[in-house]
Amino acid sequence: MNWDEPAAAAADADLEPSAGPGGRLVDAAAGADGDDQAVEAALRPKDLDEFVGQERVREQLDLVLRAARQRGATADHVLLSGAPGLGKTTLSMIIAAEMGAPIRITSGPAIQHAGDLAAILSSLAEGEVLFLDEIHRMSRPAEEMLYMAMEDFRVDVIVGKGPGATAIPLELPPFTLVGATTRAGLLPPPLRDRFGFTGHMEFYAPAELERVIHRSARLLDVEIERDGAAEIAGRSRGTPRIANRLLRRVRDYAQVKADGLITAGIASQALDVYEVDARGLDRLDRAVLTALLKLFSGGPVGLSTLAVAVGEERETVEEVAEPFLVREGLLARTPRGRVATPAAWAHLGLLPPRQGAGGAGQPGQGGLFDG
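About the thresholds
Residues numbered from 1 in each chain as written. Predicted model: local features only at pLDDT ≥ 70, side-chain atom pairs only at ≥ 80, totals over all residues. Heavy atoms only, no water. Helix = DSSP H or I, 4+ residues; strand = E, 2+ residues; numbered from the N terminus. Contact = heavy atoms within 4.5 Å. Areas by Shrake-Rupley, 256 points an atom, 1.4 Å probe, with all protein chains shown as cover. Pairing = 2+ DSSP bridges. Axes fitted to C-alpha atoms, helices over the stretch in contact; angles between N-to-C directions. Polar contact = N/O pair within 3.5 Å; in protein donor to acceptor, adjacent residues only side chain to side chain. Core = buried A, V, L, I, M, F, W, Y, C linked by side-chain atoms within 4.5 Å. Buried < 20%, exposed > 50% of the residue type's maximum accessible area, 1.4 Å probe, protein only. Parallel < 35°, antiparallel > 145°, perpendicular 65-115°, else oblique. Nonpolar A, V, L, I, M, F, W, Y, C, P; charged D, E, K, R; others polar.

Participant: Kindly report on the overall build of the protein chain, identifying the contributing residues and their values.
Facilitator: Each helix and strand counted, the protein chain has 15 helices and nine strands in total. Within the protein chain, residue pairs in contact and separated by at least 24 positions form 68% of the contacts whose partners lie at least 6 positions apart. Surface accessibility of the protein chain: about 17,700 Å² in total, with carbon and sulfur atoms responsible for 51%.

What follows is the structure in structure tokens.
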């Protein structure tokens, strides 16, 4: 990471970021498009003072880093958990910058063998920060090697096979491991216990997202009014990465269709074009709700049946659409299947069917002896 690279360089370039994996503008997962990553990197805060939101985590982390600097020691290992797009990667880069150390970035899926991890660890410089994204997806042999590396700064390299195999101890320079995970529950307790600091990233409030949007607008040299930022923040699902992505798409619309100034009306029109509604739902989210309400009278309906009705894979509905719908209180997962809530009917402007008089307890289902 080149910390001296000005943000304006990427802002002035003619970059067209992708809409995230699967073409979804509101997908919080990092896109594979190089231009998108370049713009996101330019918008990242460079220190804790610039970082917006996550007040408790930021305050605690600041104490950890300051104390380490005063002792002249390497910072404790840090574990960051939370949904995609909330700033885990950004905080890892800030940790390296605050400690004046280089950073090495890799991910759990890239480390399939213990030898892969040993090669990375043996090449680290003293005080270097190793950022391990999606740490819960690392292979078991590499995970067990990491235990000793984190605690004793040592790994045992196995040379040879069978009865003649020999373990050669390899001393490592002190380093800081920053692990990031979207599923902290999948981390084994021995690994969690070796982190000196654990921070959980929460979703952002609309006011915090407005601050993120105003900061990004300044870096992108975009004129935006307060109500325009509020309109974008309200459709950003509580996620800074999505807020920045929507801001760039609204900027394009304002540049082509208006005079470049982003107002509430311009932001609303632009996001309507990109099919992101007032609550942040996109085409897939509304398709799931529409099928649940219109085809199955609000449920309950099985996940596989719902996926077929939408024309998507079961995993896509379960892992991509449902988490946000559940968090917004529009859909509930029950033992009998997926059920729409009253908020879902209201959001789509539909009236729920009459409650069955025979006590079936589900919309549109009458009792056995109903007339």
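Read on, since the account is not over.
Participant: Kindly report on the environment of Ala184, identifying the contributing residues and their values.
Facilitator: On the secondary structure map, Ala184 appears in the loop between strand 6 (176-181) and helix 7 (189-192). Separated by 104 residues in sequence, Ala184 and Leu80 have C-alpha atoms that sit 8.7 Å apart.

Participant: Residues and numbers for the sheet that holds strand 7 (residues 197-200), please.
Facilitator: Pairing is parallel in the open sheet, where five strands are placed in the order 2-3-6-1-7. Each edge of the open sheet is held by one strand with a lone partner, namely strand 2 (103-107) and strand 7. Within the sheet, the average angular offset between the axes of one strand and its neighbour, ignoring direction, is 15°. In this structure, strand 2 lies alongside strand 3 (residues 129-133), joined through five bridges in parallel fashion. Across the sheet, the residue bridging to Arg104 is Leu130, located in strand 3.

Participant: Lay out the side chain of Thr176 in plain terms, naming residues and giving numbers.
Facilitator: In this structure, Thr176 sits in strand 6. Of the polar contacts made by the side chain of Thr176, one reaches the backbone oxygen of Ala75; its length is 2.8 Å. Beyond its immediate chain neighbours, meaning those up to four positions away, Thr176 contacts Thr74, Ala75, Asp76, His77, Glu128, Val129 and Leu130.

Participant: Please give an account of the nonpolar core that cites residues and values.
Facilitator: Grouped together as the largest cluster of nonpolar side chains are 53 residues, with contacts concentrated most on Leu91, Ile213, Ile224, Ile232, Leu247 and Ile262. Ranked by residue count, the leading element in this core is helix 10 (residues 240-257), at seven residues. Setting aside residues no more than four positions away along its own chain, Leu247 makes contact with Ile213, Ser216, Ala217, Leu220, Ile224, Ile232 and Ile262. Counting residues in each nonpolar core, the second largest holds 24 residues, with Leu132, Ile135, Met138 and Leu191 among its members.

Participant: Which residues make up the packing of helix 10 against helix 11 (residues 264-273), and what values go with them?
Facilitator: Where helix 10 meets helix 11, the axes come as close as 9 Å, and the angle between the chain directions of the two elements is 105°. In this view, helix 10 runs roughly perpendicular relative to helix 11, as classed from their interaxial angle. Across the interface between the two elements, Leu246, Val250, Tyr253 and Ala254 from helix 10 touch Ile266, Ala267, Gln269, Ala270, Leu271 and Val273 from helix 11. Along the lines of polarity and charge, the residues of the contact of helix 10 with helix 11 split into nine nonpolar, one polar and no charged.

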